[in-house]
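In case you want the letters, here they are:
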Amino acid sequence: MIDTYIEELSRSLRGPRRVKADLLAEARDALVDTAHAYERDGLIPSAAQAQAIAEFGPVDKVGPDYQTELAFSQGRRTALFLFFVMIAQAAAWNTVWPMVRPGPVGNPTPAAAILSETVGWFGAAALVGSLVATVACGIGGRRLGCAGPQVIRATGAFALAVAGTLTVLCVILGFVAPRAGSILDLSIGLPWSLAFLLLPMASVAHSGYRCRLVVSLRDPSP
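None of the values given here were measured: they were computed from a predicted structure.

Right, let's talk about the packing of aromatic side chains for a bit. Going through the model one piece at a time under the given rule, you end up with two aromatic pairs. Centre to centre, the rings of Tyr 5 and Phe 56 are 6.0 Å apart; their planes meet at 90°, and the pair counts as edge-to-face. With a gap of 51 residues between them, Tyr 5 in helix 1 (residues 2-11) and Phe 56 in helix 3 (residues 45-56) connect regions that are remote in the sequence. Under the relative-accessibility criterion, Tyr 5 is labelled buried at 6%. When its relative accessible area of 25% is taken as the criterion, Phe 56 is described as partly exposed. Ring centres 5.3 Å apart and planes at 80° place the aromatic pair Phe 83 and Phe 84 in the edge-to-face group.

Throughout the structure, instances matching the rule amount to two salt bridges. A salt bridge links Arg 28 to Asp 3, with the shortest nitrogen-to-oxygen separation between them at 2.8 Å. Separated by 25 residues along the polypeptide, Arg 28 in helix 2 (residues 17-40) and Asp 3 in helix 1 bring together distant segments of the chain.

Turning to the packing of helix 2 against helix 3, a few remarks are in order. Where helix 2 contacts helix 3, the two axes come as close as 8 Å, and the packing angle between them is 130°. When the axes of helix 2 and helix 3 are compared, the pair comes out oblique. Crossing of helix 2 over helix 3 shows right-handed handedness. Only Pro 45, Ala 48, Gln 49, Gln 51, Ala 52, Ile 53, Glu 55 and Phe 56 of helix 3 make contact with helix 2, whose side of the interface consists of Ala 27, Ala 30, Leu 31, Thr 34, Ala 35, Tyr 38 and Glu 39.

On to a negative patch on the surface. Together, Asp 22, Glu 26, Asp 29 and Asp 33 give the surface a local cluster of negative charge. Relative to the elements of secondary structure, Asp 33 occurs in helix 2. A relative accessible area of 51% places Asp 33 in the exposed class.

Cut-offs and rules
- Residues numbered from 1 in each chain as written.
- Predicted model: local features only at pLDDT ≥ 70, side-chain atom pairs only at ≥ 80, totals over all residues.
- Heavy atoms only, no water.
- Phe/Tyr/Trp six-rings, centres within 6.5 Å; stacked < 30°, edge-to-face > 60°.
- Helix = DSSP H or I, 4+ residues; strand = E, 2+ residues; numbered from the N terminus.
- Buried < 20%, exposed > 50% of the residue type's maximum accessible area, 1.4 Å probe, protein only.
- Salt bridge = Lys/Arg side-chain N within 4 Å of Asp/Glu carboxyl O.
- Axes fitted to C-alpha atoms, helices over the stretch in contact; angles between N-to-C directions.
- Parallel < 35°, antiparallel > 145°, perpendicular 65-115°, else oblique.
- Left-handed = near helix turned anticlockwise from the far one by under 90°.
- Contact = heavy atoms within 4.5 Å.
- Patch = residues over 30% accessible without salt bridge, like charges linked within 9 Å, V, L, I, M, F, W, Y side chains within 5 Å.
- Areas by Shrake-Rupley, 256 points an atom, 1.4 Å probe, with all protein chains shown as cover.
- Lys, Arg positive; Asp, Glu negative; His and termini not counted.
- Charge placed at Lys NZ, Arg CZ, Asp CG, Glu CD.

Written out as structure tokens, the structure reads:
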């Protein structure tokens, strides 16, 4: 009976797998402990489990609280993921790429210089924003009373915006930069673009989308 209840609860939830598994394990342990206590008081196992489940509450009542926790977790995960992706990309661009590109790229054009500066400032703003989002989706936001569906949804939208904007800016930068040794050189630049730009940004965008998805399960507002 308890296993059936936990399976029903699991089907009603969506979010990070590890966090979801931990929450379900805690719920099951609580139900089992309560049922054992009723058995020691003289109830038969089936009646003890039924009483434990009744006290715990129906799935449609307890599910939203569990989904809220999963939504917070998805928001924190997205914000931290964006932060570390931005750090890794900056390190790759400034340290790794100069060592692997086939030769000097020459002097940048004025457009490339302006765009490169824009990318740098945008990246710095994204780093700060990701840290703010991490706090807002975590204990800091809860203590300040600002954490909720709107904050989690905003975190997802922020991640999507950063992923899309940074990808477009970097692709444009590749086209306006000098071609010799550019990151768009097919022989070596394209694989590095996929590894350090397109794939990480696609993962960030997917995580941002999941923020909206897990919130929509508990908050039907658009």
